[in-house]
Amino acid sequence: AQTVTQSQPEMSVQEAETVTLSCTYDTSESNYYLFWYKQPPSRQMILVIRQEAYKQQNATENRFSVNFQKAAKSFSLKISDSQLGDTAMYFCACSMNRDDKIIFGKGTRLHILP
Amino acid sequence: EADIYQTPRYLVIGTGKKITLECSQTMGHDKMYWYQQDPGMELHLIHYSYGVNSTEKGDLSSESTVSRIRTEHFPLTLESARPSHTSQYLCASRGRLDLDTQYFGPGTRLTVL
């Protein structure tokens, strides 16, 4: 069975610091996509960053970058120069191409402290 | 920015009432999804659709039903609401060229008294 595991239920960091959120996954698919979604308190879930499994280069979106290690099935999210607006639940997810679903982790609640 | 809408945003209703949660998207996406999420918790897929006249049950058993008569519309119905249905319901959609990415609506927070 495909699984996505986020081992950090909650984290807190000071504003302007760098923080890394961990994620591991397990899939038998040969090609798949990995995602980090952000869900701010009482606000809409939005896509932060996406990685295609067949691409070795790590994806980057402004202050957000990933460390994708395919052999280890690890997909961590690094947030640089963290801002108060980064406070949110972050969900790691993996697409399951066979049935068009996405498997989500249980989430990491991130608090950015002033 | 994804154009996917959910109404109502908040709903408080009594036990036994029939309710329909609306979800619409203007992107022409074939695939649509309903998730149930308790506040601050993980997402559970309860229904999905590959296109018009296609509906499938998700990984979490749900007493709700869905329909897909039009591409842009994917409503979820509870025939008789119960307090155990209190939760947040998120709708999502995905297009063929979106590299498996799902785009989410703002959610409906349902409270059944």
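Treat the numbers as computed from the prediction; the structure is a model and nothing was measured. (Residues numbered from 1 in each chain as written. Chains lettered and ligands numbered in written order. Predicted model: local features only at pLDDT ≥ 70, side-chain atom pairs only at ≥ 80, totals over all residues. Heavy atoms only, no water.)

Participant: In this structure, what is going on with the side chain of B:Ser49? I would like to understand it.
Facilitator: Residues and elements named next belong to chain B. Mapped onto the secondary structure, serine 49 falls in strand S5 (residues 43–49). Taking the relative accessible area as the measure of exposure, serine 49 reaches 0% and is therefore buried. Within the structure, the side chain of serine 49 is placed 3.0 Å from the backbone oxygen of glycine 51, a separation counted as a polar contact. Non-local contacts of serine 49, meaning those with residues more than four positions away in its chain, are made with Asp30, Lys31, Met32, Ser54, Thr55, Arg68 and Phe74. (Helix = DSSP H or I, 4+ residues; strand = E, 2+ residues; numbered from the N terminus. Buried < 20%, exposed > 50% of the residue type's maximum accessible area, 1.4 Å probe, protein only. Polar contact = N/O pair within 3.5 Å; in protein donor to acceptor, adjacent residues only side chain to side chain. Contact = heavy atoms within 4.5 Å.)

Participant: Sorry if this is basic, but what is going on with the sheet that holds strand S7 (residues 65–66) of chain B here?
Facilitator: The strands that make up a sheet are held in pairs by hydrogen bonds between backbone atoms, and each pair lies either parallel or antiparallel. All names here are of chain B. As summarised here, the arrangement of the 4 strands in space is S1-S3-S8-S7, forming an open sheet in which the pairing is antiparallel. Where the open sheet ends on each side, the last strands, each with one partner, are strand S1 (4–7) and S7. In the sheet, S7 pairs with strand S8 (residues 76–78) via 2 bridges, with the strands oriented antiparallel. From the neighbouring strand, threonine 65 faces S8, where its bridge partner is threonine 77. (Pairing = 2+ DSSP bridges.)

Participant: Would you explain the state of the cysteines in this entry?
Facilitator: Simply put, disulfide is the name for a covalent bond between the sulfur atoms of two cysteines. Evaluated as defined, the whole model comprises 2 disulfides over all chains. In this model B:Cys23 forms its disulfide with B:Cys91; the gap between the sulfur atoms is 1.9 Å. As the torsion about the S-S bond is roughly -75 degrees, the B:Cys23-B:Cys91 disulfide counts as left-handed. Here B:Cys91 lies in strand S9 (residues 87–94) and B:Cys23 lies in strand S3 (residues 19–25), a separation of 68 residues in the sequence. Pair check on accessibility: B:Cys23 and B:Cys91 agree, each one buried. Here A:Cys94 stays free of any disulfide, with the sulfur of A:Cys92 as its closest cysteine sulfur at 7.8 Å. (Disulfide = S-S within 2.5 Å.)

Participant: When you look at the interface of chain B and chain A in this model, what are you seeing that I'm missing?
Facilitator: By a widespread convention, an interface's size corresponds to the accessible area lost as its parts come together. Contacts between chain B and chain A engage 26 residues on the former and 22 residues on the latter. Summed over both partners, the interface of chain B with chain A comes to about 1900 Å²; 50% of that surface belongs to carbon and sulfur atoms. Among the residues of chain B in contact with chain A, B:Leu99, B:Asp100 and B:Phe104 are the three that bury the most area, contributing 28% of the side total. Across the chain B-chain A interface, the total number found is 1 salt bridge. The salt bridge partner of A:Lys101 is B:Asp59, with a shortest N-O separation of 3.1 Å. Between chain B and chain A we count 6 residue pairs in polar contact (both at pLDDT 80 or more) in total. (Buried area = accessible area lost by both parts, 1.4 Å probe. Salt bridge = Lys/Arg side-chain N within 4 Å of Asp/Glu carboxyl O.)

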